Amino acid sequence: MDRLEKQIEFIVEIDKLKAIIRRSYLVGCDRLENSAEHCWHVSVLAMILAEHSDLEIDLLKVVKMLLVHDIVEIDAGDTYYFDEKGNADKADREKEAAERLFGLLPADQAIEFKEAWEEYEARDTNEAKFAYALDRFIPVLHSYYTDGKSWKKNKIKLEQVMTLIDPISEGSKKLSEYTIKLFKKAAEKGYLIT
């Protein structure tokens, strides 16, 4: 298969990301978001909030990671952050998916995309820490600004969402502080079980 055909095959395959439904409701709309919408939204979030990173970052690298970080969900599915059972084998499912999906690309691009995904997963670099912080932060915004709809539906407790603070603070103390304020307001409004 020539290079262009492999690239087109990958492009067509990743369209399936639009069919992967997450647990976050869209603001101003009574439906759940899909993983493709999430990747776009969190990438824009990175462009807007980059100034709040506590770390020196290459923004293009952050955006690239965020655009590819959930492609593996085409095969592995979206695993809800609070799903203990689903998270038990998430890493294995996603690694297998990464091999297949990025393997559709020409070799040089397969390496580039897989390395971006692996860097995000490892969270060892400044860019990965900030990208991961944003990926944890955006569902908080969705949940809060939809009157806690997802939290209520899934019977999420305040103590559960507080586990998001550390991953967010690794990339941005300011966003972490903002998140704590939202959690307090959410608890007061009855969006979270206290």
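Residues numbered from 1 in each chain as written. Predicted model: local features only at pLDDT ≥ 70, side-chain atom pairs only at ≥ 80, totals over all residues. Heavy atoms only, no water.

The next thing to look at is the packing of helix α2 (residues 35-49) against helix α3 (residues 59-68). The description of two helices packed together rests on the angle between their axes and the distance between the axes. Where α2 contacts α3, the two axes come as close as 8 Å, and the packing angle between them is 165 degrees. Between α2 and α3, the interaxial angle falls into the category roughly antiparallel. Crossing hand, α2 versus α3: right-handed. Between α2, through Cys-39, Val-42, Ser-43, Ala-46 and Met-47, and α3, the contact on the second element is made entirely by Leu-59, Val-62, Val-63, Leu-66 and Leu-67. Taken together, the residues that form the contact of α2 with α3 break down as 9 nonpolar, 1 polar and no charged. (Axes fitted to C-alpha atoms, helices over the stretch in contact; angles between N-to-C directions. Helix = DSSP H or I, 4+ residues; strand = E, 2+ residues; numbered from the N terminus. Parallel < 35°, antiparallel > 145°, perpendicular 65-115°, else oblique. Left-handed = near helix turned anticlockwise from the far one by under 90°. Contact = heavy atoms within 4.5 Å. Nonpolar A, V, L, I, M, F, W, Y, C, P; charged D, E, K, R; others polar.)

A few words now on the pairing of strand β1 (residues 21-25). By the bridge criterion, 2 bridges tie β1 to strand β2 (residues 32-34) in an arrangement that is antiparallel. Pairing of Tyr-25 across the sheet is with Leu-32, part of β2. What sits between β1 and β2 in their antiparallel hairpin is a turn of 6 residues, with Gly-28 showing a positive phi close to 75 degrees. (Pairing = 2+ DSSP bridges.)

As a further point, take a positive patch on the surface. A contiguous patch of positive charge, built from Lys-174, Lys-181, Lys-185 and Lys-189, is present on the exposed surface. Among the structural elements, Lys-185 can be located in helix α12 (residues 173-188). Take Lys-185: its relative accessible area is 41%, and that puts it in the partly exposed class. (Patch = residues over 30% accessible without salt bridge, like charges linked within 9 Å, V, L, I, M, F, W, Y side chains within 5 Å. Areas by Shrake-Rupley, 256 points an atom, 1.4 Å probe, with all protein chains shown as cover. Salt bridge = Lys/Arg side-chain N within 4 Å of Asp/Glu carboxyl O. Lys, Arg positive; Asp, Glu negative; His and termini not counted. Charge placed at Lys NZ, Arg CZ, Asp CG, Glu CD. Buried < 20%, exposed > 50% of the residue type's maximum accessible area, 1.4 Å probe, protein only.)

Purely spatial values, then, with no claim about function.
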